[in-house]
Amino acid sequence: MDADMEAGFLTSKVVCLIESLLEYREYKDLRCIIFVERVITAVVLQILLSEVLPKLSSWKTSYMAGNHAGLQTQSRKEQNEVVGEFRKGTVNIIVATSILEEGLDVQTCNLVVRFDPSATVSSFIQSRGRARMQNSDFLLMVRSGDTPTVSRVKNFLASGDIMRKESLRHASLACSPLESTLNNEEFYRVESTGAIVTMSSSIALIYFFCSRLPSDGYFKPSPRCLIDEERGICTLDLPKSSPISTIRVESKGNAQMLKQIACLEACKQLHLSGALTDNLVPAIVLEETVAQELRNEPYYDEKVSYFPPELVSHCPNESVQTYHSYLIELKKNYEYDLPVHNIILVVRREFETDVGNISFELEVDRGNLTVDMKYAGVIPLTSEQVHLARRFQTTAFRVLFDHNLSKIDNIFDLRDDSIKVDYLLLPATSSQQNTSVIDWTSVSSVCFPRENPSINHKRCFCSMCYSPYMHTKNGLVCACVLENSLVVTPHNGRVYCVTGIIAELNGESQLKMRDGKVTTYKNYFEAQHGICLRFVQESLLNGKRIFQVQNYLQRRRQQKEKESSKASVELPSELCLIVMSPISIGTFYSFSFLPSIVHRIESLLIAVNLRKMYVDHCTQNVVIPTIKVLEAITTKKCQEKFHLESLETLGDSFLKYATSQQLFKTYQSHHEGLLSLKKDKIISNVALRKIGCDRKLPGFIRNEAFDPKMWIIPGDRSEDHKLEVDFLSSTRKIYVKGKRKVKSKTVADVVEALIGAFLSTGGEVAALLFMDWLGIQVDFVNIPYERQFRILPGIPINIPSIESLLNYRFNDPSLLVEALTHGSYMMLEIPGCYQRLEFLGDAVLDYMVTMHLYHKYPGLSPGMITDLRSASVNNDCYALSAVNAGLHKHILHASSELQKHIMTTVTNFKQLSLESTFGWESETAYPKVLGDIIESLAGAILVDSGYNKERVFACIRPLLEPMITPETVKHHPAKELNELIQRENYHMKKHVSIEEGVRLTTIEVEANGVKHKYTSAASDKNMAIKVASKYVLQSLQQSITGIQAR
């Protein structure tokens, strides 16, 4: 930067700014606002800092200007987005004009820099006031020697002191001096931190504590204080989600003092219970801070891609080497005149049994090709045989990939000691004993001499109707040498497989051109290529073009490939140079499938290494099929027949259930908000991504469709494929073949899918062991749930009736009462509400419904399982089930608004057909409380039954009938619309605004020149999106149907 400054590219002021910022690079969570005077300064500084700072830190910079700033104008929406990113930590520095001095609130700022001095005292005080966090800094940049500006700043500071003194003088209640004592006021002090709450501040702290308790649209938690001044008694009732329900104090004094004494005592009790931290703030504030720090941790999406060590080795110099062989049998399930040949795979190390004996299908253009691989035994190979085999396979694959011989001369430098992909793929031949061996005759075809080929070919007495010898670029050869050969025509560089000799055609034969004209082959080659055929009486060769290597693992529509008119051509032998002979076209046809086959084997071996890495650390014998591990690390982007979505759904539900149960039992005094934050700290995508990266899982993930062009040809030296060693542990190594981008969520999805894989094959014990290896410690030990109350007489709940409805008799009926009590019901006889049980019940129902669907419909596509769960486990479905069972009549609450909404839902319910809707069709939001009750009842039964989740499902499932099936499932309109837009490449715009408390959501899709638009008004965001999506989707579908009908 100093050099740039000397060269005039940067001013000393800008350099000073950057250096000042870098002094804060140790800050974990920097939030900085740089105030400038002009918009152009803000824009230029933002561009400069975005270029410089990422090289020195992980900070991201944005800018803000008013909405009347000419070309750089920003809408209020754009400004709010910048502030939102600033609050979340995705933006660390904002370069702003006076727009941020007032009007937009940014409470998380811990550094303010005045790049340009304030013009007024108001501007100075307002900008200084943006640094609101504790221990924040305010920096003023003033040019050295600028005495007038320094004097003005001193006046601003003095003005601020004057304003403060005047405010204190005119205040109705005097504020404590900045350096005050407690003035003998009663207080509670935390010794470990020195945090203090006084009688005068205790009321505010209690209200703040209550404001951070869980709430909904029908209930805002707040304390209730009953004061008997005559008797000097104050009773403070806290909301039901507080661990301390009632504080009762007796003292002398007025009502205000009694209230302060009660609140101070409540603060003390809340701290001792852990609800207030040692800094005397609600525990949820600390959890939110920790969660925010976790979200702000940087993630770099460029990750290594592993290659299996089973296919890699150094090249030893032994004269004879021992290999393991595997027979790859190919079987066509379609009609085609070309045969397929079996292949021998030769490797250094024996595979795991479930990799060495596999069967799968490739989806080729004409149908399915079955691949069966089995172990064929140990074979010794000499170094000469290995050299010959490598030369054959590299030549064959280079011809298949390049369709020319341009790289053939560069592939034969095979004798070196570097780390390389080392295995052999060779044609097989069957003997009379039905055992396959290497077809060395075909392998030796690569040694066909370029000159004087007849020297090594004895007269074979070909009984043919044409001349047994034919002229080629190699020289005079026997016709049988040409019949199964690979040739190149040097005049155009094309490669062909010769499948036969056409006795009835020669150079003088007629050739019909595309335009209908007729000429002779001799005249054609002379006219088109300037070649004069010398041996026009020799029969022509039938040559077939080399096959295209494709990804045959990819799902595709079955469509019979049309035989191209160029697939077969007539060739004069004198124009052909024989490259390989004898080798059949069936061998090349079979080899065109091998990249896809080997890619599947590579993927299975990657899954094997992941399993081995886990087994190395697992003390118990856990068996999981390799194919399940492969499914768990394969994303939808691979476009294969299987991917991780079903296992991810299963693993997600189990992980949620296991952690929720653990937290529920461990933190019995924590409210639902705290439990949810602690759960998210364990199972959020950010947390799971971090766990996955710590266990080196990104290297195993398959997140791209197989590209044959990127496949490493074993033994090929024409392209640079470097493999680097990486260690999974101190004793286990693997190889890195390159890097690619892996999204953070993808890593989290794979973690969940792997948990699902262990769960689906080894049960909950296997899943828990795998989670333990990941670092997620969960046990299912039945910790007793300490009940805080017993049922008192007079509670208006018909317990026998509900037990009959649930077909379950409670050992502790107070659990049932708690499960039906809303937070607004403040009667003292029930000191708890359903929120904690809802937290637990949500997890167990999600898990049990997912398990039910997974096992009942094992043949469903991965996406369908996810759709079934989404349609089964949602508030709409649960709310309708609650009304259908009459549970709404038993909810204990004290909210007239909730009662009104419940009655509206009951009225609307009578007009719905439950068998066909499952909540998706409704255009009215159901009260979340109705869905919560189903979940809280499930939680109550789970606790009362000793955590018997099967009993829970048996009791709740009848309420959810009829269960959604693949035949009755309806997709969420928003999801169905998005899928249609992606499939048809339409463009969608979404706009959200709020008018008088009502959310207006507009969705517009442009398709085929027509705009489909709908605006939905609803108080609930999700409902507004659902309704707007529904009508836009209907309009689009009608439009598409109309176009197709024309």
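Attention here is on the structure that accompanies the text. No experiment lies behind these values; they were computed from the predicted model shown. (Residues numbered from 1 in each chain as written. Predicted model: local features only at pLDDT ≥ 70, side-chain atom pairs only at ≥ 80, totals over all residues. Heavy atoms only, no water.)

Some remarks on a negative patch on the surface
Part 1 of the reasoning: Judged by side-chain charge, Asp2, Asp4, Glu6, Glu19 and Glu23 come together as a negatively charged surface patch.
Part 2 of the reasoning: Take the negative patch: its biggest share by element is three residues, from helix H1 (residues 2–6).
Part 3 of the reasoning: Checked against the element boundaries, glutamate 19 lands in helix H2 (residues 12–22).
Part 4 of the reasoning: Assessed through its relative accessible area of 40%, glutamate 19 is described here as partly exposed. (Patch = residues over 30% accessible without salt bridge, like charges linked within 9 Å, V, L, I, M, F, W, Y side chains within 5 Å. Areas by Shrake-Rupley, 256 points an atom, 1.4 Å probe, with all protein chains shown as cover. Salt bridge = Lys/Arg side-chain N within 4 Å of Asp/Glu carboxyl O. Lys, Arg positive; Asp, Glu negative; His and termini not counted. Charge placed at Lys NZ, Arg CZ, Asp CG, Glu CD. Helix = DSSP H or I, 4+ residues; strand = E, 2+ residues; numbered from the N terminus. Buried < 20%, exposed > 50% of the residue type's maximum accessible area, 1.4 Å probe, protein only.)

Details of the side chain of threonine 394
Part 1 of the reasoning: Within the element layout of this structure, threonine 394 appears in helix H11 (residues 383–402).
Part 2 of the reasoning: At a separation of 3.1 Å, a polar atom in the side chain of threonine 394 contacts the main-chain carbonyl oxygen of arginine 391. (Polar contact = N/O pair within 3.5 Å; in protein donor to acceptor, adjacent residues only side chain to side chain.)

So, a nonpolar patch on the surface
Part 1 of the reasoning: A surface patch of nonpolar side chains, about 180 Å² in accessible area, is lined by Leu140, Val142 and Val150.
Part 2 of the reasoning: As for its placement among the helices and strands, leucine 140 is situated in strand E5 (residues 137–140).

Considering the pattern of salt bridges
Part 1 of the reasoning: Per the counting criterion, the structure on display carries 41 salt bridges.
Part 2 of the reasoning: Where lysine 741 meets aspartate 301, a salt bridge forms, and the shortest distance between an N and an O atom there is 3.5 Å. On the criterion of sequence distance, the pair formed by lysine 741 in strand E30 (residues 733–741) and aspartate 301 in the loop between helix H9 (283–296) and strand E11 (302–307) is long-range, its members being 440 residues apart.
Part 3 of the reasoning: Overall, lysine 741 belongs to the exposed group, its relative accessible area being 55%.
Part 4 of the reasoning: For aspartate 301, a relative accessible area of 30% puts it in the partly exposed group.
Part 5 of the reasoning: Measuring nitrogen to oxygen at the nearest pair gives 4.0 Å for the salt bridge that ties glutamate 979 to lysine 975. In this pair, glutamate 979 and lysine 975 both sit in helix H31 (residues 973–984), four residues apart, roughly one turn of the helix.
Part 6 of the reasoning: Look at glutamate 979 and you get partly exposed, because its relative accessible area is 34%.
Part 7 of the reasoning: Assessed through its relative accessible area of 31%, lysine 975 is described here as partly exposed.
Part 8 of the reasoning: Residues joined by salt bridges that share partners form a network here, namely Glu310, Glu352, Asp354, Arg611 and Lys612.

Some details on the sheet that holds E11
Part 1 of the reasoning: Here we have three strands laid out as an open sheet, ordered E11-E30-E29, and antiparallel in their pairing. Taken across any chain shown, the strands that pair with only one partner, and hence form the sheet edges, are E11 and strand E29 (724–727). For this sheet, the mean angle separating the axes of adjacent strands, direction not counted, is 55°.
Part 2 of the reasoning: Relative to E30, E11 is paired through six bridges, and the arrangement is antiparallel. By the bridge assignment for E30, phenylalanine 307 is matched with tyrosine 735. (Pairing = 2+ DSSP bridges. Axes fitted to C-alpha atoms, helices over the stretch in contact; angles between N-to-C directions.)

With respect to the packing of H2 against helix H3 (residues 39–52)
Any two packed helices are characterised by the angle at which their axes cross and by the distance between the axes.
Part 1 of the reasoning: Running from amino to carboxyl end, H2 crosses H3 at an angle of 50°, the nearest separation of the two axes being 12 Å. Taken as axis vectors, H2 and H3 run oblique relative to one another. As for how H2 packs across H3, the hand of that crossing is right-handed. Of the residues in H3, those touching H2 at Val14, Leu17, Ile18 and Leu21 are Leu45, Leu48, Leu49 and Val52.
Part 2 of the reasoning: Classifying every residue of the contact of H2 with H3 gives eight nonpolar, no polar and no charged. (Parallel < 35°, antiparallel > 145°, perpendicular 65-115°, else oblique. Left-handed = near helix turned anticlockwise from the far one by under 90°. Contact = heavy atoms within 4.5 Å. Nonpolar A, V, L, I, M, F, W, Y, C, P; charged D, E, K, R; others polar.)

Let's talk about the pairing of strand E13 (residues 320–332)
Part 1 of the reasoning: The pairing of E13 with strand E16 (residues 367–382) spans 13 bridges and is classified as antiparallel. Note on E16: the bridge partner recorded for isoleucine 328 is methionine 373.
Part 2 of the reasoning: Where E13 meets strand E14 (residues 343–347), five bridges bridge the pair, whose relative direction is antiparallel. Paired with histidine 324 across the two strands is valine 347, which belongs to E14.

Things to note about the sheet that holds E5
Strand pairing within a sheet occurs via backbone hydrogen bonds; the two strands may be parallel or antiparallel.
Part 1 of the reasoning: Strands sit in the order E2-E3-E1-E4-E5 across an open sheet of five strands; the sheet is parallel. The two strands at the open ends of the sheet, each matched to only one other strand, are strand E2 (61–64) and E5. Recorded for the sheet is a direction-independent mean angle of 20° between the axes of neighbouring strands.
Part 2 of the reasoning: Summarising the sheet, strand E4 (residues 111–114) and E5 pair through four bridges and their orientation is parallel. In the strand pairing of E5, valine 112 is matched with phenylalanine 138.
Part 3 of the reasoning: Its contacts with the sheet put H3 on strand E1 (32–35), E2 and strand E3 (93–96), and the angle it makes with E2 is roughly 175°.
Part 4 of the reasoning: Strand contacts of helix H5 (residues 121–128): E1, E4 and E5, with the helix running at about 140° to E5, the strand carrying the most contacts.

Some points on the packing of aromatic side chains
Part 1 of the reasoning: Taken as a whole and judged by the stated rule, the model has 25 aromatic pairs.
Part 2 of the reasoning: Put simply, the rings of Tyr336, Phe547, Tyr552, Tyr589 and Phe593 pair up and form one aromatic cluster.
Part 3 of the reasoning: The ring of phenylalanine 360 has arginine 600 lying over it, and the distance from NZ or CZ to the ring centre is 5.1 Å.
Part 4 of the reasoning: Taking the ring centre of phenylalanine 664 as reference, the NZ or CZ of arginine 836 above it sits at 4.4 Å. (Phe/Tyr/Trp six-rings, centres within 6.5 Å; stacked < 30°, edge-to-face > 60°. Lys NZ or Arg CZ within 6 Å of the ring centre and 35° of its normal.)

Here's the deal with the state of the cysteines
Part 1 of the reasoning: Tallying each qualifying case throughout the model produces zero disulfides.
Part 2 of the reasoning: Cysteine cysteine 109 shares no disulfide, and the gap to the nearest cysteine sulfur, in cysteine 32, comes to 6.5 Å.
Part 3 of the reasoning: Residue cysteine 109 is classed as buried on the basis of its relative accessible area of 0%. (Disulfide = S-S within 2.5 Å.)

Some words on the pairing of E1
Part 1 of the reasoning: The two faces of E1 match: Cys32 and Ile34 on one face and Ile33 and Phe35 on the other face are all buried.
Part 2 of the reasoning: For E1 and E4, the ladder comprises four bridges, and the chain directions are parallel. Bridge pairing links phenylalanine 35 to arginine 114 in E4.
Part 3 of the reasoning: Summarising the sheet, E1 and E3 pair through four bridges and their orientation is parallel. Note that in E3 the partner of isoleucine 33 across the bridge is isoleucine 94.

As for helix H20 (residues 685–694)
Part 1 of the reasoning: Every buried residue of H20 is accounted for by Val686, Ala687, Leu688, Arg689, Ile691 and Gly692.
Part 2 of the reasoning: Lysine 696 lies just past H20 and shows a positive phi near 60°.

Quick notes on the packing of helix H19 (residues 672–683) against H20
Part 1 of the reasoning: At their nearest, the axes of H19 and H20 sit 5 Å apart, and the two run at 35° to each other. On the side of H19, the interface is formed by Asp680, Lys681, Ile682 and Ile683, while H20 contributes Asn685, Ala687, Leu688 and Ile691.
Part 2 of the reasoning: Considering only residue class, the contact of H19 with H20 consists of five nonpolar, one polar and two charged.

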